[in-house]
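One-letter residues, chain by chain:
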Amino acid sequence: MNILSSNILKSAIFFLNKLINYFTYEAKEYGAGQIIREYSGFPNFLTLPCHCEHGWTALDVPLKSDLLVNKLIMLVFSQRRKKIWKKHNKIVYVFGAPLVRYRKMHNLKIKENALGTIAFPAHSTENVLSLYDANLYCDILKELPSKYQPVTVCLHWHDILQGYKGLFIDKGFNVVTAGDMYSSEFPKKFYDILTSYKYSTSNVVGSYAFYSVELGIPFFLIGPTARMCNNGRDLNVPQNYSICDFPSSQKAYKIFNKYPSDIITQEQRDYVDSEIGGSGYVSHFILLLTLVVIYPIDRLNCVLILLYKKVKKYVY
């Protein structure tokens, strides 16, 4: 085989791999793909022709990482997010939070023997490191009144990999995790944990705040706010920031800053309902119909986008 033939073969294999990745990509964070399938009835052997927001955000723009996915159907958490995404020529449906959709489909409720508080410390991601005074945070959790005790710490999988589990264990806390965010078992494990507690807390507002209140568990903020350090590979956030720095996050911080709380206020219920699609979400029939109709167009779209990128690379 001559050099020209070898290069052509390598290019063909590279293009084929790219094409396979485009064809088989679908949102799998926190079990989103399987939840969409279960809700809509879309078959498992076909790649979902849609993308889905994987977590709550107060931002008034789409996440850049979501825009890069180039799916024709976008499933969002709320009517607020739908209005934002409609500006980007997408077929947009309010699906709500996938994990909440899972809870409702499986009729999961707070366990009768629920006890104590589950704490969700500000978590790291693959590209963003969470920085806060963990020793101070542990001391504050221990000082919570007896009705909130015992406190169990739930760590994100990335923080488990970072070795933070030992720090909290050394401080006397029981540590749990729902595991790998890409695992199909994540939704079940997450709700097995959450439904075991009477109260929920964190040092930042995250999706767990909404999942807690939606389930009927009071959530409150406590402890030192985390600073986040982006290694430059997360397209959605600055290099150094705190979640409460964003003006669009101030409402959430005001609403959940009710320390220590043993009730859920009507303001919190209304806010949570509006932010995670408590009403006005797409029916399973309409979603299935749209997925089926768009599927062949989405497959063609994948090929055209990849071809465009290849041509653009060589032309420019």
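Source: prediction; values computed, not measured.

Thresholds applied
Residues numbered from 1 in each chain as written. Predicted model: local features only at pLDDT ≥ 70, side-chain atom pairs only at ≥ 80, totals over all residues. Heavy atoms only, no water. Phe/Tyr/Trp six-rings, centres within 6.5 Å; stacked < 30°, edge-to-face > 60°. Helix = DSSP H or I, 4+ residues; strand = E, 2+ residues; numbered from the N terminus. Buried < 20%, exposed > 50% of the residue type's maximum accessible area, 1.4 Å probe, protein only. Lys NZ or Arg CZ within 6 Å of the ring centre and 35° of its normal. Pairing = 2+ DSSP bridges. Right-handed = clockwise from strand over helix to strand, strands pointing away.

Trainee: Would you explain the packing of aromatic side chains in this entry?
Mentor: Applying the stated criterion across every chain, the model contains 18 aromatic pairs. When the centroid spacing of 6.3 Å and the interplanar angle of 35° are considered together, the rings of Phe120 and Phe190 count as tilted. Remark: Phe190 occurs in helix α9 (residues 186-194) and Phe120 occurs in the loop between β4 (117-119) and β5 (128-131); sequence separation between them is 70 residues. Residue Phe190 is classed as buried on the basis of its relative accessible area of 7%. Relative to Tyr191, the ring of Phe190 lies with its centre 5.2 Å away and its plane at 85°, an arrangement referred to as edge-to-face. Take Tyr191: its relative accessible area is 1%, and that puts it in the buried class. One Lys or Arg, Arg101, reaches over the ring of Tyr281 and ends 3.9 Å from the middle of that ring.

Trainee: Teacher, can you tell me more about the pairing of strand β2 (residues 73-76) here?
Mentor: Where a strand is regular, its side chains alternate between the two sheet faces. Neither face of β2 is open: one carries Ile73 and Leu75, the other Met74 and Val76, and all of them are buried. One ladder, built from three bridges, connects strand β1 (residues 50-52) with β2; its direction is parallel. Looking across to β2, one finds that Cys50 is bridged to Ile73. By the bridge criterion, four bridges tie β2 to strand β3 (residues 91-94) in an arrangement that is parallel. Among the inter-strand pairings, Leu75 is bridged to a residue of β3, identified as Tyr93. As a crossover connection, the stretch from β2 through helix α4 (residues 79-85) into β3 is right-handed.

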